[in-house]
Protein chains: 2
Amino acid sequence: MDALDTALESTGASAFVMYASSQDANLRYLTGFSINDPVVYIKKAGERGLLIVPQMEYARATAESSCAVMSRAEAGFFEIVKEEPDRWRALAQMIANIAGGGFLLPASSPFALGRALQAHGTVQVDNGTVEDIRAVKRPDEIEAIRTAQRAAEQAMAHAVARIRDAGVLGGMLVEKDGTALTSATIRQEMHILLLRQGCRGVDTIISCGEETAMPHRLGEGPLAEGEPVVIDIFPRDERTGYYADMTRTVVKGEPSPEIREMYDAVREAQALSIGKIRAGVTGKDVHQAVVDFFSDRGYESGAKGFVHSLGHGVGLDIHELPALGPSGGELKPGNVVTVEPGLYFPGIGGVRLEDMGVVTAEGFDRFTRFLKELCL
Amino acid sequence: MDALDTALESTGASAFVMYASSQDANLRYLTGFSINDPVVYIKKAGERGLLIVPQMEYARATAESSCAVMSRAEAGFFEIVKEEPDRWRALAQMIANIAGGGFLLPASSPFALGRALQAHGTVQVDNGTVEDIRAVKRPDEIEAIRTAQRAAEQAMAHAVARIRDAGVLGGMLVEKDGTALTSATIRQEMHILLLRQGCRGVDTIISCGEETAMPHRLGEGPLAEGEPVVIDIFPRDERTGYYADMTRTVVKGEPSPEIREMYDAVREAQALSIGKIRAGVTGKDVHQAVVDFFSDRGYESGAKGFVHSLGHGVGLDIHELPALGPSGGELKPGNVVTVEPGLYFPGIGGVRLEDMGVVTAEGFDRFTRFLKELCL
């Protein structure tokens, strides 16, 4: 982690300090360790990181993490709490004893800990050093994301086939036995398919009709003929921890003219923006190109219409740097991003198409191979 | 949330403020809203909570949360960032404009936000008000946990049956076709069973032999005859968000005398401690009773042997209050806790048994019905 050493040098802090579980992707990235409960991570310039863990995790952390490992007992925690009953102050004391004075903390560190550390030295907020490292993927990370993407496409193929093969009864999609075909059923089938490929699907979106005007509405009930169905799936590989992310919008039967026009615009917007992506271009400009394109087509952005950013980084977090949006900086080779224009209008519905790939010096190497077809 | 109003009154703060995603169980509990990215929650005394969300989540938050909802645009965020490019200071300004001066923050709030809020008023750290509310379950929460527990037991029954029905070849467990029966296979089957019951299993532990001396080692490879297999499953109901938690230790064939003795001690320790649980007793005393019992049997606690706490609360988090451990306070009716004594010795292995139930005025209403048998 050379960049962390550089950050330590430039801030003059004696150590970079985290207190987080591996739900914090930075901790998982820095340590290679998975743990549900928060642990202490201390990194001094030029040294290997140190994990301080509960006794019960000591042997596992030694076996599984890339760090030096110490138990809380070895770190003196239980001696300190005898004198200092406040848990956060005791934790700060333990950290200060090991890290020295002057701490560089992630912005997301617990406020109670940061405040308690101020009694032991200057506390500075790190300016996203680890997020910036993570935004540029190594080849093995790209391969892990591609693997998750392949699983996502198999699950998507299943969902699309289920809708294509469904019967129609009274305007609703039905199973062969005439019972309603629901979002919940297809979601469960997709999640089982993903598990068989070593991936975990959570909160997969299968929304229909009115629901699709809300971009992140999960969807639960029966699916309807002639209505948009938004399918957004973002599985995580259980072994590597890396995500994929993709979205398709389909209609069983004949869509309304509004949905058809929205679909064509979204599809063109995606092609247009993907054509602009390459290292050196800013995420802001790529996003703005879509805003302008939609505007030319008569679609607004902001409170209605295109209500979200064009895309986001994907890695150990489902949403990470870089942003393809109003705040998006310069893209770099190795950035893995989604490109997902969408249009949403209450009373009409929503359309979103999302592909994913890696930014290169010349352009965009798209991982997503799945067809785009509106009408099934 | 009367307790939050009381906390606001006693601290003199104008508002309780959170910035978190629903991965923070407090946010999910207070708002009923599920969201992957952090949002602002502001609660003033006597008022309904307010969620401030990105535009794309506005309609969904209105439909799904129990809160008043405002978009970031309505909250003035985009006007503020024009003048204040630092994201955390801009967020603090937006919050201060709405919350007034004087903020009560959870200890886990982002340090960068808490520090920025200090420019607008006194910042106090809340002393676990929401965690304390959550620790005492309502009847509907107890039912949700019981439901998840039923799913856990079906998955456990499958795992135990797979081990019982396995063949043995050269000391290893094998499938009917003679191939190795692995932890990974059984884990995947359990997770599929759980999905069919609307639950999500993550990081289910199926460790064997040497691995079992590490309490949270997942386990991956082939299972062996005559070795302890620790199966620890903690599924989450996808609809309600509530967890269950249970552990069994089994051996295919004949265990070593050490494992048999450890198993008997752990089983007796569990019965003994469950007999002590009732409202008014402290978690510390129940934990200590097990430490003392193990000591009488010649098993140490701490660095070896019984290396973890006796148990923990379960709810929207897998580990929450109250603690059955050295820091455990007085138990209350409605606390849902695990009771999970364990013994771990490198070179010998580990044994853990975990049941779950609710604390009552008279004792402990155990949810777990699953048999305990060491030898399969």
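Remember, predicted model here, so these are calculated numbers, not experimental data.

About the criteria used
- Residues numbered from 1 in each chain as written.
- Chains lettered and ligands numbered in written order.
- Predicted model: local features only at pLDDT ≥ 70, side-chain atom pairs only at ≥ 80, totals over all residues.
- Heavy atoms only, no water.
- Helix = DSSP H or I, 4+ residues; strand = E, 2+ residues; numbered from the N terminus.
- Buried < 20%, exposed > 50% of the residue type's maximum accessible area, 1.4 Å probe, protein only.
- Contact = heavy atoms within 4.5 Å.
- Areas by Shrake-Rupley, 256 points an atom, 1.4 Å probe, with all protein chains shown as cover.
- Lys, Arg positive; Asp, Glu negative; His and termini not counted.
- Charge placed at Lys NZ, Arg CZ, Asp CG, Glu CD.
- Least-squares fit on C-alpha atoms with pLDDT ≥ 70 in both.
- Domains from an automatic or database assignment.
- Buried area = accessible area lost by both parts, 1.4 Å probe.
- Salt bridge = Lys/Arg side-chain N within 4 Å of Asp/Glu carboxyl O.
- Nonpolar A, V, L, I, M, F, W, Y, C, P; charged D, E, K, R; others polar.
- Polar contact = N/O pair within 3.5 Å; in protein donor to acceptor, adjacent residues only side chain to side chain.
- Pairing = 2+ DSSP bridges.
- Axes fitted to C-alpha atoms, helices over the stretch in contact; angles between N-to-C directions.
- Arc of directions from axis to C-beta.

Quick notes on the overall build of chain A
- Helices and strands together make up the secondary structure of chain A, namely eleven helices and 20 strands.
- Scored against the burial criterion, the 376 residues of chain A give a buried share of 57%.
- Here the contacts in chain A between residues at least 6 apart in sequence split such that 62% fall between residues at least 24 apart.
- Carbon and sulfur atoms provide 49% of the accessible area of chain A, an area that totals close to 14,700 Å².
- Charged side chains of chain A number 38 positive and 52 negative; the gap between the two group centres comes to 2 Å.

Considerations on the relation of the copies chain A and chain B
- Each copy of the sequence occupies a distinct position, and chain A is placed on chain B by a rotation of 180 degrees and an axial shift of 0.0 Å, giving an RMSD of 0.0 Å. Here the copies are linked by what is in effect a two-fold axis. Minimal C-alpha separation from the rotation axis in chain A is found for Phe 111 of chain A, amounting to 2.0 Å.
- The residues that chain A uses at the interface reappear at the interface of chain B in 100% of cases, marking a shared surface.

Brief notes about the domain arrangement of chain A
Residues and elements named next belong to chain A.
- Domain boundaries assigned for chain A yield domain 1 (3–134) and domain 2 (136–366).
- Taken together, the contacts link seven residues of domain 1 with 13 residues of domain 2.
- Taken together, both faces of the contact between domain 1 and domain 2 bury some 790 Å²; the carbon and sulfur share is 39%.
- The largest contributions to the domain 1 side of the interface with domain 2 come from Arg 28, Tyr 29 and Arg 134, which together make up 66% of the buried area.

Examining the interface of chain A and chain B
- Contacts between chain A and chain B engage 43 residues on the former and 43 residues on the latter.
- Each partner contributes to the roughly 3,800 Å² buried at the junction of chain A and chain B, and carbon and sulfur atoms together form 60% of this total.
- In this structure, Arg 217 of chain B and Glu 64 of chain A form a salt bridge, with 2.8 Å as the shortest nitrogen-oxygen distance.
- Looking at the side of chain A that touches chain B, the elements that each hand over two or more residues are helix 3 (58–64), helix 6 (111–117), strand 6 (123–125) and helix 9 (183–196) of chain A.
- Examining the composition of the side of chain A that touches chain B, we find that five residues originate from one element, helix 9 of chain A, more than from any other.
- Taken together, the residues of the side of chain A that touches chain B sort by class into 19 nonpolar, 15 polar and nine charged.

Re the side chain of Thr 204 of chain A
Residue and element names in this part refer to chain A.
- Along the polypeptide, Thr 204 turns up in the loop between strand 9 (199–200) and strand 10 (205–208).
- Judged by its relative accessible area of 0%, Thr 204 falls in the buried class.
- Among the polar contacts listed, one links the side chain of Thr 204 to the side chain of His 191, at a separation of 2.7 Å.
- Dropping the residues within four chain positions of it, Thr 204 is found in contact with Arg 187, Met 190, His 191, Leu 218, Asp 232 and Ile 233.

Side note on the environment of His 308 of chain A
- Assignment of secondary structure puts His 308 of chain A in the loop between helix 11 (283–296) and strand 14 (311–313).
- Once the C-alpha coordinates of His 308 of chain A and Gln 149 of chain A are considered, the two residues, 159 residues apart in sequence, prove to be 22 Å apart.
- Beyond its immediate chain neighbours, meaning those up to four positions away, His 308 of chain A contacts Pro 215, His 287, Glu 340, Pro 341, Gly 342, Tyr 344 and Arg 352 of chain A together with Met 56 of chain B.
- A polar atom in the side chain of His 308 of chain A sits 2.7 Å from the side chain of Tyr 344 of chain A.

Section: the sheet that holds strand 1 (residues 15–20) of chain A
All names here are of chain A.
- Across the sheet, six strands lie side by side as 4-3-2-1-5-6; this open sheet has mixed pairing. The two strands at the open ends of the sheet, each matched to only one other strand, are strand 4 (68–71) and strand 6. Pairwise comparison of adjacent strand axes, ignoring direction, gives a mean angle of 25 degrees for this sheet.
- Bridge count between strand 1 and strand 5 (residues 103–105): two bridges; the pairing is parallel. If you follow Phe 16 over to strand 5, its bridge partner there is Leu 104.

Some thoughts on unusual backbone geometry
- Looking along the chain, the bond that leaves Leu 321 of chain A and enters Pro 322 of chain A is cis, with omega of 0 degrees.
- Within the secondary structure layout, Pro 322 of chain A lies in strand 15 (residues 320–324).
- Even without glycine at this site, Asp 203 of chain B takes up a positive phi of about 55 degrees.
- When you line up the elements, Asp 203 of chain B lands in the loop between strand 9 (199–200) and strand 10 (205–208).

Notes on helix 1 (residues 2–11) of chain A
Residues and elements named next belong to chain A.
- Among all positions in helix 1, only Leu 4, Asp 5, Ala 7 and Leu 8 are buried. All buried residues of helix 1 lie within an arc of 160 degrees about the axis, which places them on one face of the element. Along helix 1, the residues that are exposed and aim more than 90 degrees away from the buried face are Asp 2, Thr 6, Glu 9 and Ser 10.
- In the core, the buried residues of helix 1 are packed alongside strand 1, helix 2 (25–31), strand 2 (39–43), strand 5 and helix 7 (129–135).
- Gly 12 sits one or two positions beyond helix 1 and adopts a positive phi of about 75 degrees.

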